Structure formats: structure tokens, C-alpha cells
There are 2 protein chains.
Amino acid sequence: MNQDYITPDPWSIIEDGFEIDRVQSSESLFSVGNGSMGQRANFEETYTGPSFQGSYIGGVYYPDKTRVGWWKNGYPEYFSKVLNAPNWIGINVMVDDEILDLFSCKKINKFSRELNMKDGWLGRSFEATLQNGVILKVDVKRFLSLEHEELGVIKYDVTPLNTDAKITYQPYLDSGITNQDTNWDDQFWQTTDKEVDQNQGFIRSHTLKTFYEVCSFMESKIFLNNKELNTQGESLQKEMEVSISFSEHVAKGSTLSVHKFAGYTTSLNHDKTELISAAKSILKIAIDKGFDALLQSQKEAWDKIWQMSDITIEGDVKAQQGIRFNIFQLNQTYTGTDHRLNIGPKGFTGEKYGGSTYWDTEAYCLPFYMATKDQHVARNLLKYRYNHLGKAIENAEKLGFSNGAALYPMVTMNGEESHNEWEITFEEIHRNGAIAYAIFNYHRFTGDYSYIPEMGLEVLIAIARFWHQRSTFSTPKDKYVILGVTGPNEYENNVNNNWYTNYMAKWSIEYAIENLRKVEKEFKDDYGRIIQKTALTTTEVDDMLKVAENMYFPYSEEHGVYLQQDGFLDKEMVKVDDLDKNLRPINQNWSWDRILRSPYIKQADTLQGFYFFEHHFKTEDLEKHFDFYEPFTVHESSLSPCVHSIQAALLGRMEQAYSFYLRTSRLDLDDYNKEVKEGCHITSMAGTWMSIVEGFGGMRVKNDQLHFSPKIPKEWRSYSFKVNFRNHILKVNVSHDGTHFTLDKGEALAVDLDGKTIEVA
Amino acid sequence: MNQDYITPDPWSIIEDGFEIDRVQSSESLFSVGNGSMGQRANFEETYTGPSFQGSYIGGVYYPDKTRVGWWKNGYPEYFSKVLNAPNWIGINVMVDDEILDLFSCKKINKFSRELNMKDGWLGRSFEATLQNGVILKVDVKRFLSLEHEELGVIKYDVTPLNTDAKITYQPYLDSGITNQDTNWDDQFWQTTDKEVDQNQGFIRSHTLKTFYEVCSFMESKIFLNNKELNTQGESLQKEMEVSISFSEHVAKGSTLSVHKFAGYTTSLNHDKTELISAAKSILKIAIDKGFDALLQSQKEAWDKIWQMSDITIEGDVKAQQGIRFNIFQLNQTYTGTDHRLNIGPKGFTGEKYGGSTYWDTEAYCLPFYMATKDQHVARNLLKYRYNHLGKAIENAEKLGFSNGAALYPMVTMNGEESHNEWEITFEEIHRNGAIAYAIFNYHRFTGDYSYIPEMGLEVLIAIARFWHQRSTFSTPKDKYVILGVTGPNEYENNVNNNWYTNYMAKWSIEYAIENLRKVEKEFKDDYGRIIQKTALTTTEVDDMLKVAENMYFPYSEEHGVYLQQDGFLDKEMVKVDDLDKNLRPINQNWSWDRILRSPYIKQADTLQGFYFFEHHFKTEDLEKHFDFYEPFTVHESSLSPCVHSIQAALLGRMEQAYSFYLRTSRLDLDDYNKEVKEGCHITSMAGTWMSIVEGFGGMRVKNDQLHFSPKIPKEWRSYSFKVNFRNHILKVNVSHDGTHFTLDKGEALAVDLDGKTIEVA
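Only a predicted model underlies this, so the values are computations on that prediction, with no experimental measurement involved. (Residues numbered from 1 in each chain as written. Chains lettered and ligands numbered in written order. Predicted model: local features only at pLDDT ≥ 70, side-chain atom pairs only at ≥ 80, totals over all residues. Heavy atoms only, no water.)

Regarding its fold elements, chain A presents 19 helices and 32 strands. Overall size of chain A, expressed as C-alpha extent along the three principal axes, is 85 × 60 × 60 Å. Within the span of chain A, comprising 761 residues, buried residues form 66% of the whole. Long-range pairs, those at least 24 residues apart, make up 70% of the contacts in chain A with a sequence separation of at least 6. Summed over its atoms, the accessible surface of chain A is roughly 26200 Å², and 48% of this surface lies on carbon and sulfur atoms. Averaging the positions of the 80 positive and the 108 negative side-chain charges in chain A gives two centres separated by 1 Å. (Helix = DSSP H or I, 4+ residues; strand = E, 2+ residues; numbered from the N terminus. Buried < 20%, exposed > 50% of the residue type's maximum accessible area, 1.4 Å probe, protein only. Contact = heavy atoms within 4.5 Å. Areas by Shrake-Rupley, 256 points an atom, 1.4 Å probe, with all protein chains shown as cover. Lys, Arg positive; Asp, Glu negative; His and termini not counted. Charge placed at Lys NZ, Arg CZ, Asp CG, Glu CD.)

Turning to the relation of the copies chain B and chain A, a few remarks are in order. Overlay of chain B on chain A (RMSD 0.1 Å): rotation 180°, translation along the axis 0.0 Å. Taken together, the rotation and translation relating the two chain copies correspond to the operation of a two-fold axis. Minimal C-alpha separation from the rotation axis in chain B is found for B:Val68, amounting to 2.4 Å. A share of 100% of the interface residues of chain B reappears at the interface of chain A, consistent with the copies meeting face to face through the same patch. (Least-squares fit on C-alpha atoms with pLDDT ≥ 70 in both.)

In this structure, the amide linkage connecting A:Arg584 to the following residue, A:Pro585, adopts the cis form with an omega of -5°. Note that A:Pro585 resides in the loop between β25 (561-562) and α13 (586-589). Positive phi outside glycine occurs at A:Phe211, with the angle close to 55°. You can see A:Phe211 is positioned in the loop between β15 (200-207) and β16 (213-224). Overall, A:Phe211 belongs to the partly exposed group, its relative accessible area being 43%. Even without a glycine there, the phi angle at B:Asp704 is positive, about 60°. Along the chain, B:Asp704 turns up in the loop between β26 (700-702) and β27 (705-708). Here B:Asp704 falls in the exposed class, since its relative accessible area comes to 54%.

Interfaces are often sized by the amount of accessible area the parts lose when they come together. With 44 residues of chain B at the interface, the matching set in chain A holds 44 residues. If you look at where chain B meets chain A, you find 6 salt bridges. Taken together, chain B and chain A are joined by 16 residue pairs in polar contact (both at pLDDT 80 or more). Listing elements by their share of the side of chain B that touches chain A, those giving two or more residues are α7 (422-425), β22 (472-474), α13 (586-589) and α14 (592-597) of chain B. At 5 residues, α14(B) tops the list of elements feeding residues into the side of chain B that touches chain A. In terms of residue class, the side of chain B that touches chain A is made up of 17 nonpolar, 13 polar and 14 charged. (Salt bridge = Lys/Arg side-chain N within 4 Å of Asp/Glu carboxyl O. Polar contact = N/O pair within 3.5 Å; in protein donor to acceptor, adjacent residues only side chain to side chain. Nonpolar A, V, L, I, M, F, W, Y, C, P; charged D, E, K, R; others polar.)

On to the UniProt feature "active site" (unreviewed entry) in chain A. Residues and elements named next belong to chain A. The UniProt entry lists Glu-490 under the feature "active site" (unreviewed entry), expressed in the numbering used here. Summarising the element assignment, Glu-490 is placed in the loop between β23 (479-481) and α10 (499-522). Taking the relative accessible area as the measure of exposure, Glu-490 reaches 18% and is therefore buried. Discounting chain neighbours no more than four positions away, the residues touching Glu-490 are Met-410, Ile-424, Glu-428, Trp-592 and Lys-602. (UniProt positions renumbered as here; feature names shortened; annotations may be inferred.)

So, on to the sheet that holds strand β18 (residues 234-238) of chain A. Residues and elements named next belong to chain A. Pairing is antiparallel across the open sheet formed by 5 strands, whose spatial order is β8-β7-β13-β19-β18. Where the open sheet ends on each side, the last strands, each with one partner, are β8 (98-99) and β18. Sheet topology note: the strand β7 (residues 91-95)/strand β13 (residues 165-174) ladder contains 5 bridges and is antiparallel. Across the sheet, the residue bridging to Met-94 is Thr-168, located in β13. (Pairing = 2+ DSSP bridges.)

Okay, the packing of helix α9 (residues 451-470) of chain A against α10(A) next. Residue and element names in this part refer to chain A. Contact geometry for α9 and α10: axes closest at 9 Å, N-to-C directions at 140°. Here α9 is positioned oblique relative to α10, judged by the angle of their axes. As α9 packs across α10, the resulting crossing turns out to be left-handed. Residues Ile-452, Pro-453, Leu-457, Leu-460, Ile-461, Ile-463, Ala-464, Trp-467 and His-468 of α9 lie in contact with α10, whose contacting residues are Thr-501, Met-504, Ala-505, Ser-508, Ile-509, Tyr-511, Ala-512, Asn-515, Leu-516 and Val-519. Partitioning the contact of α9 with α10 into residue classes produces 15 nonpolar, 4 polar and no charged. (Axes fitted to C-alpha atoms, helices over the stretch in contact; angles between N-to-C directions. Parallel < 35°, antiparallel > 145°, perpendicular 65-115°, else oblique. Left-handed = near helix turned anticlockwise from the far one by under 90°.)

Residue and element names in this part refer to chain B. Taken as a whole and assessed by the stated rule, the structure comprises 125 aromatic pairs over all chains. Measuring from centroid to centroid gives 6.5 Å for Phe-553 and Tyr-562, while their planes differ by 70°, and the two rings are edge-to-face. Relative accessible area serves as the criterion here: at 26%, Tyr-562 is assigned to the partly exposed category. With 5.5 Å between their ring centres and 75° between their planes, Trp-716 and Tyr-719 make a pair best called edge-to-face. Here Trp-716 and Tyr-719 have matching classes, each one buried. Just above the ring of Tyr-449 sits the side chain of Lys-518; from NZ or CZ to the centre is 4.6 Å. (Phe/Tyr/Trp six-rings, centres within 6.5 Å; stacked < 30°, edge-to-face > 60°. Lys NZ or Arg CZ within 6 Å of the ring centre and 35° of its normal.)

All right, on to the pairing of strand β30 (residues 738-743) of chain B then. All names here are of chain B. Sheet topology places strand β29 (residues 728-735) next to β30; 6 bridges connect them, and they run antiparallel. For Val-732, the partnering residue across the bridge sits in β30 and is Phe-741. Where β29 folds back on β30, the antiparallel hairpin that results is connected by 2 residues.

Next up on the list: the pairing of strand β29 (residues 728-735) of chain A. Residues and elements named next belong to chain A. Among the 8 residues of β29, 6 are classified as buried, and the element is accordingly described as predominantly covered. As defined by bridge partners, strand β28 (residues 718-725) adjoins β29 across 8 bridges and the pair is classed as antiparallel. Residue pairing for β29: Asn-724 is matched across the bridge by Ile-729. Connecting β28 to the antiparallel partner β29 that follows it, the hairpin turn spans 2 residues, and Arg-726 within it adopts a positive phi of roughly 55°.

Turning next to helix α9 (residues 451-470) of chain B. Residues and elements named next belong to chain B. A rise of 1.5 Å per residue sets the reference length of α9, with its 20 residues, at 28 Å; its end C-alpha atoms lie 27 Å apart and thus fit the reference within 8%. Along its length, α9 reaches its greatest deviation from straightness, about 40°, at Leu-457. Across the 20 residues of α9, 18 count as buried, placing the element largely inside the fold. (Expected span 1.5 Å × (residues − 1). Bend = angle between axes of the 7 residues up to and from the residue.)

Among the structural elements, B:Gly447 can be located in the loop between α8 (431-446) and α9. Residue B:Gly447 is classed as partly exposed on the basis of its relative accessible area, which comes to 36%.

What follows is about the side chain of B:Glu150. Residue and element names in this part refer to chain B. Considering the arrangement of structural elements, one finds Glu-150 in the loop between β11 (135-144) and β12 (151-160). The buried charged residue Glu-150 lacks any salt bridge partner; its closest oppositely charged side chain belongs to Arg-340, at an N-O distance of 8.9 Å. Here His-270 takes part through its side chain, which lies 2.7 Å from a polar atom of the side chain of Glu-150.

Summed over the entire model, instances satisfying the criterion amount to 96 salt bridges over all chains. Residue A:Glu241 pairs with A:Lys238 through a salt bridge whose shortest N-O separation is 3.7 Å. On the basis of relative accessibility, which here comes to 53%, the residue A:Lys238 falls in the exposed class. For B:Lys137, the salt bridge is made with B:Asp139, and the minimal N-O distance between the two is 2.7 Å. On the basis of relative accessibility, which here comes to 31%, the residue B:Lys137 falls in the partly exposed class. With relative accessibility at 25%, the residue B:Asp139 sits in the partly exposed group. Look at the salt bridges and you will find they share partners, linking A:Glu15, A:Glu19, A:Arg22 and A:Arg113 into a network.

With that settled, consider the sheet that holds strand β3 (residues 32-33) of chain B. All names here are of chain B. What the 4 strands build is an open sheet, ordered β3-β4-β5-β6; its pairing is antiparallel. Each of the sheet's edge strands pairs with one partner strand only, and the pair in question is β3 and β6 (78-84). Sheet analysis places β3 next to strand β4 (residues 37-39), joined by 2 bridges and oriented antiparallel. Bridge pairing links Val-32 to Gln-39 in β4.

Attention shifts here to the side chain of A:Asn92. Structurally, A:Asn92 is set in strand β7. Non-local contacts of A:Asn92, meaning those with residues more than four positions away in its chain, are made with A:Thr46, A:Thr168, A:Tyr169, A:Gln170 and A:Tyr172.

With that out of the way, let us pick up the environment of B:Phe553. Residues and elements named next belong to chain B. As for its placement among the helices and strands, Phe-553 is situated in the loop between α12 (538-549) and β24 (555-556). Residues Phe-553 and Gln-565, spaced 12 residues apart in sequence, show a C-alpha to C-alpha distance of 8.4 Å. Once residues lying within four places of it in the same chain are set aside, the contact partners of Phe-553 are Trp-499, Asn-502, Tyr-503, Lys-506 and Tyr-562.

What follows is the structure, given as C-alpha cells:
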């Protein structure tokens, strides 16, 4: 049974009532972020109950020494960990010298949280009865500024309800934090400097090994019934902590508030010597504006985002809440302004997996950012991989490849491989194909070819070289085969001729050569530069094409489908529906060998290929493969339901499409995989967006035109979304009585709805 | 280039000259053991240079918490580690208050070691010039008594050569030891009690978690020019150490000796409360006998062993030294007197691999112990697995099997699985077959059927059940297949239809049923008991047979050979000879995926099957398979050359057989695999024995007769060995002029030499 405590609401994530065993789940779900930093929804005040503390700075990581049972040649020495950063949200609250702690207080009433997605803030309010009998009303509001990326803001109100009381606020900074998932219990941070005066505090620390300098800063103001006081704060210092203490005697019914302005300045964006002065100037801006004005600009900034990326769903509030939660988290995680950053699978909501970049970015996230942001955002995502090309070539050399062949890492932070399971690190090589596909997809959608001669072609050549060298000629098959791989379905390891991988290899080579020809004709200078840089010869090109043209694809005449890999039909082909329910999820109930020899599919594999290359196949073919593979798919990857939802919609199976949609859109809110406490599944959230826009909306690009064949689930009255197609903002509104279409910009643009072309003035 | 510093000698392992970077290699090669305890050849006196300290007690282990990078369901929680035990060999030597330390002394002359295999002692002598100018002559002799398994004896002589000197001996016991291969730097031992007086010392300690109680004990006597002194020892205690200090002023040219009698009494063999008293009674015996008498009985005990198990080789001293080293180490590791013990891959010479029992025992070691010991020794090895049957059934249940199916662990100490690589732990299941094969092999050789109705049949049924449940019916092949396995060749993981594994499965089922029938007829009571205990039904038997009869075996029509596994021929079939030498050993130069997709074979796999089931195939078939597979075999497992040597000899390829023989017999002495410092390869040493007796000697059992078709390498003048066949001791002497054959016992026995049957009176 999935969790079900989030109150359905179109614009907010709401929790009512306090339950200790929901705290960590809510810490994930109510996370806030602004693209350059983010944090779990930990409480500001002391909380001694079970909690998973997390505050993260985009791009600040630690190379944790690899830990494995049995070392294999080629394993990376380090795993780049998303790093739990110093805590700046902390505010100790004392009432008549008793610490406010929801875990130990006598009684809690009217506890509620709200993550207001429209305006981009996190709120919490409750009434607590302390052991000393004082009853308090507490209201907290917190947000990470989109306008000032280094700034976070907290407003913390306490009202004693049954008596006068002495209220003490101790806002603090704490750099004595650790990661839950450290391999060797290393300290990741070293504190080098502390400064604190009556209302400002600073801690300078740097990461060990990577030496990112971070200045955590804070300044606080005290208000009584919204009137600012000139209370003198008392500065305190501990080894890795600075705090400022404010005490006031507060009359029953009066409200004492602290406004805390805090955050980080880092050596990513400032000279190391200027971190504190940079912090001071941000604090000056914050103090001058004050809480209300900052909150107002926060609303406006989010309003801008929503104007372009909102999806409305009428008549199904849970579906509405789900898609907005997904869109909100994606925007909290990555704004696209900084090409050094990327989209980690858990964003700023947890530590698990480490690294920041998986093939998820190219395979699932790119379409969302292409369609809802200015196209330079998607271009930044591609540029990120271009900047890592050298490292990807080194990585391939480590594994015995040569001559500029590149293998992009499975998991990375700085371009180096982080992961260390041989069957994944060395064998899940299809990831290389997704990076080539993203280039194709970017050009197809944005129409911007310039990336390819400038950067993309070098990436495509290096990837094509990898596939060429990784293929083996099989005499018995008289074809080229690819041995020993793990496909997108990670419930098969070290298989031969995974259809998806072989198809990616063939296509990547052909696409690279096709663009080589085009650049040769149309971008002579770039062509010259690239040929010289890559030393690509015509013989090598011919050899590569020979491999592509003679690639082997396992096929079953009997079933008329391509086989996921060699020997797939030798398995005991029991469908998921005929499987004892108690055995699921199989990844929690079966030993690994049993999973591997079963026919069960963790996520779309062959169907993932049909999704990427839909335009290569007839719908009947898709249908045949969907009917063959879906019944064996357990969807134990967050990336599985979205692809199936899109394909089910295309095949007109709306009920199936709808149930897959719910599963992907509310995966974390309803905790389908029983793991949300570890963080949210950020990258699959982009899949949710796809399942509406490409699935129900049926959006496709064909010959430089945008096509739609919209459908609508019976549960919905209507839904609408916007896409930015080649700088034309289109809004599509689909209801049961038909589809309406509007184009914001004046220019004409050919589009197609339900197959009927409409010219728009 | 292999190491080459061991002086060739028929009866001794000899090292001349001291080299720091050989110390750890020699610590392995000169190890001593008596079956119930053993130790590396660490120095008695202080040595501050690089050294790998190791002293081990058979059956005393520690369950070290598993450490993996990525946990998989079904992994064992613990890895049972061979445990480095308290050090009792230590004797600090001070000369005019300067510590004798070969790493820091001024000069070393005439350093030599000898491992005297004929008499079973380790000797060391050298002349050292200390920093203080004193020149010493030192002679040390040490052995672990075969007669008194808990006793070790050291005689340490020091003679000042250039001056009178004050010599201080500090014999000590130290329980503050650790394992090099600990996963979490746990302390494995806790010291609970210490006792020391003028010449006796005791330390009681127990292992954590497993609570083996061990009393380390020592008593020392001092002699001047072989005349005992009544020197008063001075007792010293540290936290985990007791020592007794003796000082004497020794005239130039005189010799001061300490005789140290020491060892362990453990809760494996005594009541916990009586460990110290047991130690005292052993010490009494030792003191009464004294060093010379103890050494004499040591010689006699080894003489008994050699009388039966010696193999002589005339005309090739290196080959002679090699085989004797192997036989000596096997006898030091396992004597067969204690059915709780087994043969660890490193014996008492190192920690690596942990655990004590691998399939090596059944596949490689059993024949040696069957032929050179009383048959109860081999029976104890089988009984060991019978005693672990319950645990093997639990292990299979953990992996999803049921109804009494058993999967014996890959690595074990107490019957529980220790290993934690999914591709090995869960998939290298052929080990189950070796355990069934050992039962067959034991009966074939000893003629003792009684083990099967008493114990073996239950094991056979549980193993047959496993194979039955582990097989899958493949519709396309219309046969039973076994998916997702790792064969003996560990350079392939998670393959389908490994020929060796499938053949073992088919045979194990058929052999189990064949014996079920026989026991039903001939041992009615046992049959009733077993049927009741196993609840075996005729339907289950029929189903099992159906699987066996319809097992699938990959075969190549083109090459006329069985294929190691499905798809083997899709690989790039470049032979080892055509491989760049710099790339070898591939396990040190290639990433794991590259090894996996290569055709290279770590150790005999298909050929291992042809070795076990030679009697099922024609010699031409063996030849075909040998010619097909050997060229792809890199022999990077110590268990590979012996099988190839035997088969090369059978095929009359004596040069190849001889070079494989040298490689297996001198694997450690010449350090072929560059790892001898970690310990010796004990289990493969039994393979060396096989390659002479079964390879050159051509010994086979056919219809209750022992057959020989002897050959001799041209490098040898003659060789001879003895075997105990069904309590008849036969001696075979093979020379170029013919084969002589003698039978110790009177009875008649039919044997066959060179195909010609000889009746022996």
C-alpha cells in the first residue's frame, strides 16, 4: 500500500498533523531549491527525533574513496559525492529556558506544512505544549531566492498562547556536518575561519581534496508584533558553529519573530579572498529589501517560470498536484543558467547515488528543458558533455580503447567515472548512445544546427569510434556483434547483443557520418579544424560504416519481434501478472541471479529504442513489441512508467496510459517505491512531463513542423500546456469537446492537430 | 621473469643470502605446519623490515562483516576469515643491550634458511654485525610437533664471535595481533588473562563473536655450550604480552641457547576451564623429553609420512624438489585426523581468500589423500560436507530454492557461505557437482560403498534437487537449459549453458538416482530412513530424470566440439600465442569487461569435464577438445596446469605435459603468478601430485582394477610413487627401460601396466 498523507491541492503540497515516522519522507517531499543550492525540509529548531539532515550546493562535491568487496581493473579510485553542506537554517528556540523540540515536547496541535509551489516557499505552523506547560503557536516561512541565488530567507514567529514567556532565538551556522553515505567516515569539510558579531555570523570552510571554499553567512533581525526591535544579540562560538542569541520577555498573545537571511558564497563564483565581503554585500541587499519584498520578488520569479512551464489539468486534482510537483522540483533543481551544473537523480533532496549526471539527463530531462525554457538552457546541457569529452576519451583508454574513442561515464560530477560495479561501469555502455541522441533531438526540436559544427560533431565522432572498436565480427553470424553489455534494463547483466545497445551503436555511427558529410559541405572551416583535431581518415569512416551496416539484431520469427538480447526466449516466460504478488518488488525479494535469469524487465529497454526511434518503425511494430515486452516489465525503475505511458497513449490505450501517468507523476508523493525518505526521483519527473506533452498531447516534430495528435483521459475535463518550439510559444488546450491552440507570438507557423494542418496568423 | 633464488635440492628448500625484498616470499615458502596449526616463517627475533606476520590455528576463525560496494539480496552477512592467532614464536634478543634486528644491523653474512622436508624442521643461520660492533653467529631450528599437535619447539643459539658480550633472551607471547585483510579493522581477539613466572608464561584470549578460547603458552630453558643453566628469568607483562627475560655474560666463542617450548591449547579440544592445565601438562611432556628427543620423534613421524607419500624423481632435481615441496605442504596443511578441518587454499601460509573450504578440496585434493593415506582420511573429507548439508539447504533456500535442494557454499568455514560476488556466490554453482563427483570418486577408488547409504545419498539427493530446480525448460531449444552461471573458467560470468555445469547437473541427477536404486535394493533400512527424511517421491524422481535426459549441450558442428557456453564462437577468436605478451597476465592488465568478452580461459572448463569424465569420451574426442580450448587458455589459475598436464600426457604430448608439470609443481617456488608473498597455493599442490600419478603414471581405476599406462619425460631418468589402493600399497617405478611394479602386501591383486595385466603374488 502506498503512502497517502499528502492533501490533494492544485498548487500546494500539504501535510496535516505531525507523525514522527513521516518526518523523513516529508523532509524529501517539502525540499526547496533554487538551482544553485537546495535543502531537505529539515526543521529550523532543534529536533532530536529521526531525521535526515541535508543541505547541498550545486557543483560542490567530494571524491570519496571507492569501496568495493572485490576490486576489478578499471574501477575509478573515487566516487564523487554530492556533499552535505554547512547548515544555515538552524535556529534554536528556548522558551523560559526550555528547548523547543517537537520530539520531546508534551503535546503538538494543528501541525501543518505547506510547500507553496505557485509562490515558491515552504511554510510550517503548529501549536506545541512544552514540558514546562507553556503553549506556543509557531509559524515558519522559508524560501531560497531565485533572484539572489546565494540567499535563503526564513521568517520564524513564536506566540505564547497561555502565559507570558521569555523567548530566546539562537540562529546559528554549523559546519560540523557529515554525509550519511560516506564510504570511510571521512570528514568532508574543514572549517578555517569564523566571524560573529551582534547580528552577523560567518563560517569559512573548504571541502577536503577538492578545496571548494565556502562562506556560510547569516544575519538576523528581531520583531515584536511585526515591529523591529534593536535587541542586542549575544555572540557565541563553538568549534564548528557560530550563533547569536536574542532573548525577549513576550506577553501572552504577542508574537516574537526572527527574520534570518543566510546562505553561501563559494569559490565557484567568487575569488577565494572575497567570500566574506561578497556575503556582506548580499546581506546588505537582503536587509535593505527585507522579508516581505524578497518574498514578493520570489512570487514574481516563480510566476515567470509557471507562465511558461505550467500544465493545468481540470477535474483531477491529484493528477494536477502531481504534474505541478514534478515541474516545480525540476525547476528547483536546474535552471540552466550555469553550464557547470547538471540534473542529479535526487536533485537537492538527498545524497543517494552521488554524482550529478547520469544518462537520465539526455534521455529524459532534455525535452522538458528544451520545450519550457529558452533554448540556450538545453544547449548548456549539451555543452556540459562537450566539456567532458577529454575525460570521456581518457575513460575509454582506461578500458583499452584508443584513437580518440570516448566512453562517457555512467555517473559523473566532473567528467570522470564515479561508479564501481563492473556490470554497470564497464558494460552499461548504451549511455554513450543517449548522448549522441540528445544532439539529434536538440537539433530536431530547436532547429539550431550551430552546436554540431562548433562542438557536437567532435562528440559524435568520439562516440562512433567507441562503437566501432567495441563491436566484434562474429564468424558464425557473419555480422558485427556487441558482447558483454548491460542494457537499460539493469535486470540483465553481461548479455550479448542487447537490441537497444546494438541499435544505438548502428545509429550513432550513421548519424555521426551523416553530420560529418553535412559539416564538410556547409561548414568548411569547422570541418578542417575537426578533421585535424580528430585525425579521422576515410578508411576509418568506411570501417565504421561497415560495422553499422552489418550490425546484428536478435529477432524472433515466431513472435515477429526483436529480442531484447541473445537467448531471451530461453527464459521461463511467466508474465508479471502470473507472478505471486508477495514476490514483488523482485529487487527486494529475489537474489540477484534469480532476477537475472528471469524474463522480468526493470524498465523499458527494447521499448526505449522504439520511443527514441519511433519514426523508424510502423505503429503496428510498436504495438507488437509493446504487447510482447510490457507484460514482463515490473517497472521497478522510476524511468519506466513514463515511456510506457507515452506509447500506450500512442496506441490508444488510454486507461493504461493514465495509470502509468499516475504512477510516474505521484511516484514520490505516494511513495510507490518505498524510498522517498532518501530523496525524490528528480530525473524521472521530466518523464512525467513527457507523458502529458508527448503522450496525451501527442507532440512530435516532423520535418521542421510541430505535430500534435491530442488525446485526453476520461478522468480529466481538460488539460493544457505550453511549449517553446523554435521561439514560438504555443499553448495547447485539450478538452473532450476538442483541442484549442493558440500561438503567443505573431509569426505564422505550420502546426498540425489531429492530422489537420492549421495556419495560424 | 619468475623468481629463482631457491637452491635446487632433493630434500630441502634452501635460501642463501639475505635480501629484504625476498623476506615476505620466503615467509610463505618456508612456512611450517602440523595440520592443526601452522605459521609463516617469520623471524623469532625483532624484525622491523617489511614482513607479513602469520600464525594460524586450524578451525579458529572470525566472521568478518561483509563489505561490498553495492549490496545484492542473498549476500552473506559475514565472511569467515582464517584468523591470525597470538604469536608464540617471538624471542627478543639483546646483545649488550642492542636489539638484534636484521633490518637495522650493520652487516649480515652467511645468511641461509633451510626447510628440511625430510625431517620436518625449519632452520636459519647467519652472522650479523651489530651497530655496537659485536659480531654474532646465530642458529635457529624450529618445528611444529606432529606427535603433540599443540606443541611447537624452537632452539635459538647465539655465539658472539669477536668479543665477550651480554646476551639477553626475551621469549614472549603476544596476543595483540591483527589480520591484514580485515574489512573494518575490527579487533578479532580479546585477551582475558595472563600468567607468567620465571620460566612459564600463559595468555588466555578468545575470538570475538565466535568465542574460541585459546591459551597460548610457553616455557623456556637456557643453555650455555649445551649445558643447561638455572638462570632465573625475569617476568614482564604488557597489556597483551607476557615475556620472560634471561641475561648471561657470554665469552667470545661460547654459545648461549634458549629452548622455547610453546603453542596453543584451545576450546576446540579442551574444556574452557582447563586450557591452562592442559597447557601445563603439554609443557611437562616437552620439558621432560627435551629438544633433541622431540626433534627425533619429529623425524620419525615425517619418515612415516614419506614412506607412503614420497615421489622420487631421478635426474631432475628441480622437479624432485617441486613435487616434494608440494607433498610436504599438503601434509603440513591437512592430516585428516580431525573431520572439522579442511584444506584452505593457502593452508597455514597466508590469510588471502579466507574461509577454509572451496571446491578445490573435492576436485583436486581428494585423490591425493585417498591414495597416500588410510581411507578414513578421505572419508573425513566427505563427512565434512555431510555435516554441512543442513547449512547448504538453508543457503539454497536463501536463494529461492525449496524442498531440500542444497547449494554448497563457494567458500566456507562452518557450512555457511562466506563469499560475496554475485557472479561467483550465486552463479558459480558447478561446485555442487564436484561434491557429488567426490562421492563417486571415493567409492570408485576405495571400494568403500558404506558412506553412500550412511550419509552420501542424502547429499546426492539434495544436490540433484538443486540441479532439477535450477534448470529451465527452453521452448525454442526444446531442452532443459541452465541460465546465468559462472563455470570453472571465471573469465566468463553469467553465461548460459556452460557445458561443464550442464554436464555436471545431468550426471549428478543420474548418479543420485542410480544410487537411490542401489540403496533401495541393498540397504533397505537406510533407504527407509532416507526416504522418510527427504520425503522424496517417485514423481520428483521422474521429473529429475526428465531434466537429466533432456539437458541441453551447446555444440559446434563446424569444429566438432562442445562449446564452453552459448555463443562462445561469437568472440574474436585470437589465440593466446598471437596475443601481445605485454598484455599478460590479462587479469592484471585488462578491465573486467574486456576479459569477459575475450575468448581467454582462466583454467580448464570444458577440459575439466573431460578430466572428470574421461571414461565417458573417446581419446579422439579429448584430443579435439584439447586442441580447440588449450590455445585460448591463459592458465591464470593455479588449478589449470595440472589438468592440462594430465591430459597432455594421455595424448602422448610429453613436452607439453612436462612444461605444465613444472609450472604446477614450482608455481610457488618460482612464483609464476607474482603473489607468493601472500601465501602458497596449497590446493593446487594436490594437482601436481595428480599430474605425476595420473598424468605420467597414467593411473586409472577401471572396473575395480587399478590400471597404469606409464610414460616418462625425457628429462628424467626414472620416477617412482606409491599408492594405497583399497589397502594394498603399490609401488610403481618408471624408468626409460621399463616399469617395475611391487606390491607390499601379500594378497593378489589384478593390475595392468602398459595395457598388459600382471598377476602379482
